[in-house]
Each structure stands twice: as C-alpha cells, then as structure tokens.
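Each chain is listed here by its residues.
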Amino acid sequence: MMKRLKAGIVQFDVVVGDMDRNLSVVQQRIRSLAGQGVGMVVLPEMWSCGFANDRLDLFARSTPDILQILKILSKGQGITIIGSLPEAADGGIYNTAFVVDRGDVCARYRKVHLFTPTREDRYFTSGREAVVASTSLGMIGLMICYDLRFPELSRILALQGAWIIVVMAQWPAARVFHWDILLKARAIENQVFVVGANRSGRDQELAYGGHSRIISPYGEVLGRASKRSGTIRATIDPDTLVQAREQIPCLEQRVPKAYI
C-alpha cells in the first residue's frame, strides 16, 4: 500500500576511508530530518567509506556494525533509511543498497551495472537481479549510480510495483547535467517518483556534482540541492502517481512483442 510521506536526502562530502566521520555526519543529519517529519531518508552511494578500493575488505567487515546502528536509529526515529555500503559475500565485494525499515533490514540490492571507466569491475562483483523492496511505505525500487543510464532496469522496477525509485550515487560534476536529465526521464517514462541522492565535494580523483533531487511522475522537481553539502526534503503523494497514470496510461499500453 502506498503512503503519503516526506522523503529526505542527505547530500554530503564522503571522506574516503574515514568511516567514523562519515557515520557521524549521517547520524546527525538523519536525526535532523526525522525531527522535521521525514519518513524516508536516502544516503549517497558507498557513504560509509567512499571508493577506498584498496581497503574494501576492511570496510566491508564493518558494514554489519553500521547496519546495526542504522537499525537502532531507524526504529527509534520510526523511519526508513536507504543507502549503499560495501558488502562481503560469496567470495567477493558488492556495492549493496540496504533498506532499513523501522528497525529491520528488509531488502538489499547489489549494483548490477559496474562503472568500468573507473575500474569498478576490478574491485566489485556485479549483482544479477533487480530488487523492489516491500516496506512500510510501499514498494520501493533500488538503483545505484551507473544503473541510471539503463532504462531497462528502472522499467522492470516499475512493472514489479515500485512507486518510488531510489538512486544512490557518486556522480561526477563533469556529467551532472546527465544526472539531472536522466533522473527526470526515469520518473516520466515510468510514472514513478524518483529520489536521487548524490554526494558532494571531491576526492583525489574527481569533483562530485551534488544536485540531489526528488522528482514527481510528471518530471516536476519537488526538492533540489545545489552542489554543496546539506539536506533536502519533499512530500511524496501517491495520488499524484495515480493521476499521472490515469491521464496517460502508457504503462498499460506497452506492446512488449514490438520491443524484441
């Protein structure tokens, strides 16, 4: 069941390898957003440690402890928290989005599309399936950064019942205009809300674009961030989604046989 809610995003400069600092920032800002009535908080990609590729094993071992902290925070504040962390499993390291819903990890999604220009495929194992999380807020589809460039993934999430698609990213400033356009496109073409959480700041390799967004099924930007660190929030109303799909029933009028 879809529920009207306030969604929030924590956009910040993820310091590579400084897990204690990153966790402190996130805890503080989650509490602040929860105090403003936000029911779902989205964090950037690899928010605990950044792409500390030479130490991923070490940081992945800390992920269960971080999840325990988020579970306590989620239950205490009565909120849903979504963000990606390194996960050690099956002999590899995954870039995994965890959904912590009212104190429990209810879903995890392993990033399918690894960004080869920065050699993610050298350090991470690719996921193999789309994931729609069944939460207390309704069905939420999960995507991570480069996934945004693959419309097939967002479409299957919508067809599987997602009314919100969450995108966690470390998207560079040099291509932030692609980020802005693709977030809107995924929302409009699938008639869903899109919540895109990007990081800000820079590391030794790249500057990051910020521009976190909350977008309606019509492509309207309901909440926006600049390139600086901060938080944003906006109300997500399922009636808007229902209205959009009734006005233009494009999901119902798909012709799958023509797309093969």
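Described below are features of the structure shown in this document. Since the structure is predicted, the reported quantities are computational estimates derived from the model, not experimental observations.

Now for the pattern of salt bridges. Taken as a whole and judged by the stated rule, the model has twelve salt bridges. The residue D54 makes a salt bridge to R55 at a minimum N-O spacing of 3.7 Å. Residue R55 is classed as partly exposed on the basis of its relative accessible area of 34%. A salt bridge links R110 to E87; the shortest N-O distance between them is 3.0 Å. Of the two residues, R110 sits in strand β5 (residues 104–110) while E87 sits in strand β3 (residues 80–89), which places them 23 residues apart along the sequence. Residue E87 is classed as buried on the basis of its relative accessible area, which comes to 7%. When salt bridges with common partners are traced through the structure, they connect E87, D90, R108 and R110 into a single cluster.

For the rest of this paragraph, the subject is helix α6 (residues 238–247). Considered for burial, the residues of α6 that qualify are P238, L241 and A244. All buried residues of α6 lie within an arc of 120° about the axis, which places them on one face of the element. Of the residues in α6, the exposed ones pointing more than 90 degrees away from the buried face are D239, E246 and Q247. The N-cap of α6, judged by a side-chain oxygen 3.0 Å from the amide nitrogen of D239 a few residues on, is D237.

Now for the packing of aromatic side chains. Pairs of aromatic rings are described using the distance from one ring centre to the other and the angle between the two planes. On inspection of all chains with the given rule, the structure shows five aromatic pairs. Pairing F115 with Y146 gives two aromatic rings, centres 4.9 Å apart and planes at 70°, and the pair type is edge-to-face. Of this pair, F115 sits in the loop between β5 and α3 (120–123) while Y146 sits in the loop between β7 (138–144) and α4 (151–159), placing them 31 residues apart in sequence. Both rings, one in W171 and one in W179, keep their centres 5.5 Å apart while their planes meet at 45°; by these two values the pair is tilted. Its end group placed over the ring of Y94, R110 keeps NZ or CZ at 4.2 Å from the ring centre.

Rules behind the numbers
Residues numbered from 1 in each chain as written. Predicted model: local features only at pLDDT ≥ 70, side-chain atom pairs only at ≥ 80, totals over all residues. Heavy atoms only, no water. Salt bridge = Lys/Arg side-chain N within 4 Å of Asp/Glu carboxyl O. Buried < 20%, exposed > 50% of the residue type's maximum accessible area, 1.4 Å probe, protein only. Helix = DSSP H or I, 4+ residues; strand = E, 2+ residues; numbered from the N terminus. Arc of directions from axis to C-beta. Polar contact = N/O pair within 3.5 Å; in protein donor to acceptor, adjacent residues only side chain to side chain. Phe/Tyr/Trp six-rings, centres within 6.5 Å; stacked < 30°, edge-to-face > 60°. Lys NZ or Arg CZ within 6 Å of the ring centre and 35° of its normal.

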